[in-house]
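Single-letter residue listing:
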Amino acid sequence: MKTNMRSNLPGSFLARDLEDGAWRLSRCEPWPIEVFLRGAESAAAQALRSSQVRDIDIEWCAESVLLTVTSAEHRTSIHAQNAIVHEPLAHLYEALPLASLDDKAMRFWRRVFRLVRTPGGGYLLGVLARRSRRRR
């Protein structure tokens, strides 16, 4: 038996109608998060137009999404085609072994990009690259 994926997002959200059943729900505190809905039913407008949308529960099913929100002190369930939760991670790239450039490499790449920006620079760079390959 396949279980449905669920997410609980507490806090106050600002709802914005993007037309044609698409909605954007944004939260800033305690950390930023955005929920994008696509293909929301027409009853979603009543629940999401309230200025106090909070505590969102999302359940992804096989064919649709069930979104339960609290607005104006009432819990309302909304069906949608799709829901995307965007939760930016502050220190995402710190653990990756990314390459760093020393001063010599930085100077080289600065010269290459400066040369490419000049008229005919790309052609000249190609000629220099072919010439250096022939020497090997």
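Source: prediction; values computed, not measured.

Some words on the sheet that holds strand β2 (residues 23-27)
As summarised here, the arrangement of the seven strands in space is β6-β5-β4-β1-β2-β3-β7, forming an open sheet in which the pairing is antiparallel. Two strands close off the open sheet at either side, each with one partner strand: β6 (74-80) and β7 (82-86). Here the average twist between neighbouring strands, direction ignored, is 30 degrees. In this structure, strand β3 (residues 33-38) lies alongside β7, joined through five bridges in antiparallel fashion. Along β7, the bridge assignment pairs Phe36 with Ile84.

A short note on the pattern of salt bridges
For the structure on display, the rule yields four salt bridges. Across the pair Asp55 and Arg54 runs a salt bridge whose closest N-O atoms are separated by 3.4 Å. On the basis of relative accessible area, Arg54 is assigned to the partly exposed category, the value being 23%.

Brief notes about the side chain of Thr70
Tracing the backbone shows Thr70 in strand β5 (residues 65-71). Looking at Thr70, the relative accessible area reads 8%, which means it is buried. Here the side chain of Thr70 touches Arg75 through a polar contact of 2.7 Å, side chain to side chain.

Brief notes about the packing of aromatic side chains
With the rule as written, the count across this model stands at two aromatic pairs. Centroid distance Phe108 to Trp109: 5.0 Å. Interplanar angle 75 degrees. Geometry classified as edge-to-face. Exposure remark for Trp109: the relative accessible area of 40% places this residue in the partly exposed category. Between the aromatic rings of Trp109 and Phe113, the centroid separation amounts to 6.0 Å while the plane-to-plane angle is 35 degrees, which identifies the pairing as tilted. Of this pair, Trp109 and Phe113 both sit in helix α2 (residues 103-117), four residues apart, which is roughly one turn of that helix. Sitting above the plane of the Trp31 ring, Arg27 keeps its charged end 4.6 Å from the centroid.

Section: the pairing of β3
Pairing analysis gives five bridges linking β2 to β3, with the strands arranged antiparallel. Each residue of the ladder has a partner; that of Arg24, found in β3, is Phe36. Here β2 folds back onto β3 in antiparallel fashion, the turn holding five residues.

About the cut-offs
Residues numbered from 1 in each chain as written. Predicted model: local features only at pLDDT ≥ 70, side-chain atom pairs only at ≥ 80, totals over all residues. Heavy atoms only, no water. Pairing = 2+ DSSP bridges. Helix = DSSP H or I, 4+ residues; strand = E, 2+ residues; numbered from the N terminus. Axes fitted to C-alpha atoms, helices over the stretch in contact; angles between N-to-C directions. Salt bridge = Lys/Arg side-chain N within 4 Å of Asp/Glu carboxyl O. Buried < 20%, exposed > 50% of the residue type's maximum accessible area, 1.4 Å probe, protein only. Polar contact = N/O pair within 3.5 Å; in protein donor to acceptor, adjacent residues only side chain to side chain. Phe/Tyr/Trp six-rings, centres within 6.5 Å; stacked < 30°, edge-to-face > 60°. Lys NZ or Arg CZ within 6 Å of the ring centre and 35° of its normal.

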